[in-house]
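# Tertiary structure, described
The chain contents come next:
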Amino acid sequence: MKDHLSRAEIRKDAAQDAVQAAATAVGQVTAIVTGAVRDVAGALGGFATEIFEIRDSARKASDDHEE
């Protein structure tokens, strides 16, 4: 004996699958974007640290030169 699904149930299953697929894709994209933002923030923070170190080195060199 075969089970027969109504057209409404088939449509509901298709819609459910589509929503689940969309949610998965959105989740994956969100994870990628979040990781990228984290990486960019880390890179900018590292760059700022380098700038501060360069500035301090330049001040020390200037101070040593004046003495």
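Look up: the structure comes first, before these words.
First, a word on scope: everything that follows refers to the structure included in this document. Just so it is clear, the model here is predicted, and its values are computed rather than measured.

A tally of regular secondary structure across the protein chain gives 1 helix and 0 strands. Scaling as 2.2 N^0.38, a compact globule of 67 residues should have a C-alpha radius of gyration of about 11 Å, whereas the protein chain reaches 29 Å, well beyond that. Each principal axis of the C-alpha distribution contributes one length, and for the protein chain these read about 100 × 15 × 5 Å. For the protein chain, buried positions account for 1% of its 67 residues. Within the protein chain, one finds 8 positive and 12 negative side-chain charges whose respective centroids are separated by 18 Å.

One pass over the structure, following the stated rule, counts 2 salt bridges. One salt bridge connects Asp13 with Lys12, and the closest N-O pair in it is separated by 2.6 Å. A relative accessible area of 44% places Lys12 in the partly exposed class. Where Asp39 meets Arg38, a salt bridge forms, and the shortest distance between an N and an O atom there is 3.8 Å. What makes Arg38 exposed here is its relative accessible area of 57%.

Each value, and the rule that gives it
Residues numbered from 1 in each chain as written. Predicted model: local features only at pLDDT ≥ 70, side-chain atom pairs only at ≥ 80, totals over all residues. Heavy atoms only, no water. Helix = DSSP H or I, 4+ residues; strand = E, 2+ residues; numbered from the N terminus. Rg over C-alpha atoms; globule rule 2.2 N^0.38 Å. Buried < 20%, exposed > 50% of the residue type's maximum accessible area, 1.4 Å probe, protein only. Lys, Arg positive; Asp, Glu negative; His and termini not counted. Charge placed at Lys NZ, Arg CZ, Asp CG, Glu CD. Salt bridge = Lys/Arg side-chain N within 4 Å of Asp/Glu carboxyl O.

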